[in-house]
Amino acid sequence: MRASQLARGEDPGVVDAILAADERRRSSLGQFEALRGEQKAVSKAVGAAMGAFQKAKKSGADNVAELETAATAARERAAELSDRVKALEATAGHADDDLDTLMRKVGNVIVDGVPSGGEDDYIVLETIGTPRDFTAEGFEPRDHLELGERLGAIDMERGAKVAGARFYFLTGVGARLELALLNMAVAQAVENGFTPMITPTVARPDVIVGAGFMDAHAEEVYHLQTDDLYLTGTSEVALAGYHADEIIDLTDGPKRYAGWSACYRREAGSHGKDTRGIIRVHQFHKVEMFVYCRPEDAADEHQRLLDWEREMLAKVEVPYRIIDTAAGDLGSPAARKFDCEAWVPTQSRYRELTSTSNCTTFQARRLNTRERVPADLGIGSGTRAVATLNGTLATTRWIVAILENHQQPDGSVLVPSALRPFLGLDVLTPIG
RNA sequence: GGAGGCGUCGCAUAGUGGCCUAGUGCGCCCGCCUGCUAAGCGGGUUGGGGUUGAGACCCCUCGCGGGUUCAAAUCCCGCCGCCUCCGCCA
């Protein structure tokens, strides 16, 4: 845990504070429980004494006065105990809260092999495909917004008029292109055994917190103050909350869901960054894979999610690379994260199209999603937290890579063949 | 938006301040009996936390959180969810 904190560039001293808080919690809880036991016994004696007194009173027995004295005496002893129990209960409660607060400060423990450091310390695992040489082809590539406007596919100006900066309309073939892309993603997910889901795009505070989005992402999340609800930045939030407070059955393998949703992000702190086009926007749509599996299977499942992302990227035929994100850039729920970044010709660099995270038991612990401990593991009985993982299958941003990488000198765009059945067009042609 | 009702063990229900250590039925699991099946008999059957070498023991948990009380499933307040009726509206 200390090593993990260091790799993330965070304070390892928190770990010692947690151990101390846990010790305080145990001892105060022990004291409280002992006295509570005593109080229960005494209180029960009061009940018995009162019962005997009432009975005697009714039947007019001789020892009524005697019994009344006994009952009153017992009651006074119980009253005295009650105050002490309350004080101890409060102490134990505070110790528990302190521990909880400290625990929430710590990000997930990273998987062995994750590179240390920050945003720029990623490792490139693989590069797939070769960027086109537009110089050799003899024309200057247009960026996705210029292409989109010529095609009648993207309208940023009216988006800003209606909803402000970083909002947009997808129009005509643009709207059809996004629907085709997302439908292709859902179709692939279903083929691979996922259950498709259309999710709520608002969530209660406890779900947002449980999914880990109030830590580093807090500033990114829209809040609906009147109703104390949050707009979700990904269907991951809703799908993580889906099995909250449940004991689920994973004996037949992982539970795999493919969430389709609108996603909302405030993009606070990114003023001036990617202001052109639809690379960085406040609202977009996404098909997201989300998996519940056993902790032992999480690393393998993570590779499978990456493979399914690669399957999707192959279908749109864009060059991309895969990176292993460094610890400091993981976000607190993730123990490991692989991003697939597509080549954007007009920026001469790779930009993120997908991201898959192994959150191990981090989200499940907070959202209380458990399974019964399988007997064959030989680690006792009871329940334990499951592992959760997520990965992108397609988003609105993919349109950027598709338009730019498949553009022709005349401003038209060839539709990748896998996408044609979903779109019903082989080529997008400029209007007017 | 207004009015009312409800939330108890996997399911169904009893319980309206102390003989509740939450009863009963069904389901499920283990065992017994019975030469099929069925029935019958006995035991077990929420989850969390703590003490412990072990076996075991203790504390919390009646939708959730507070409060009243010596004592709360039971009384009071807030929240969540479900249902019924009325109103309004894409």
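Let me begin by describing the structure that accompanies this report.

What counts, and where the lines are drawn
Residues numbered from 1 in each chain as written. Chains lettered and ligands numbered in written order. Predicted model: local features only at pLDDT ≥ 70, side-chain atom pairs only at ≥ 80, totals over all residues. Heavy atoms only, no water. Phe/Tyr/Trp six-rings, centres within 6.5 Å; stacked < 30°, edge-to-face > 60°. Buried < 20%, exposed > 50% of the residue type's maximum accessible area, 1.4 Å probe, protein only. Pairing = 2+ DSSP bridges. Helix = DSSP H or I, 4+ residues; strand = E, 2+ residues; numbered from the N terminus. Near = heavy atom within 4 Å. Polar contact = N/O pair within 3.5 Å; in protein donor to acceptor, adjacent residues only side chain to side chain. Nonpolar A, V, L, I, M, F, W, Y, C, P; charged D, E, K, R; others polar.

Attention now moves to the packing of aromatic side chains. Tallying each qualifying case throughout the model produces 6 aromatic pairs. Centre to centre, the rings of tryptophan 343 and tyrosine 350 are 5.1 Å apart; their planes meet at 70°, and the pair counts as edge-to-face. Given a relative accessible area of 17%, tryptophan 343 falls into the buried group. When its relative accessible area of 16% is taken as the criterion, tyrosine 350 is described as buried. Members of the aromatic cluster, connected to one another through ring pairs, are Tyr242, Tyr257, Phe290 and Tyr292.

This part takes up the sheet that holds strand E15 (residues 383-385). What the 3 strands build is an open sheet, ordered E8-E14-E15; its pairing is mixed. Because the sheet does not close on itself, it has two edges, and the strands there are strand E8 (246-247) and E15.

This next bit is on the protein's contact with RNA strand B. Neighbouring residues of RNA strand B: 23 residues in total, closest Lys40, Arg204, Arg370, Arg372 and Thr383. A distance of 3.0 Å is found between a phosphate oxygen of RNA strand B and a side-chain nitrogen or oxygen belonging to arginine 36. Arginine 372 has a polar side-chain atom sitting 2.7 Å from a phosphate oxygen of RNA strand B. Among the elements that make up the surface near RNA strand B, the one with the highest residue count is helix H2 (residues 13-59) (14 residues). In terms of residue class, the surface near RNA strand B is made up of 6 nonpolar, 6 polar and 11 charged.

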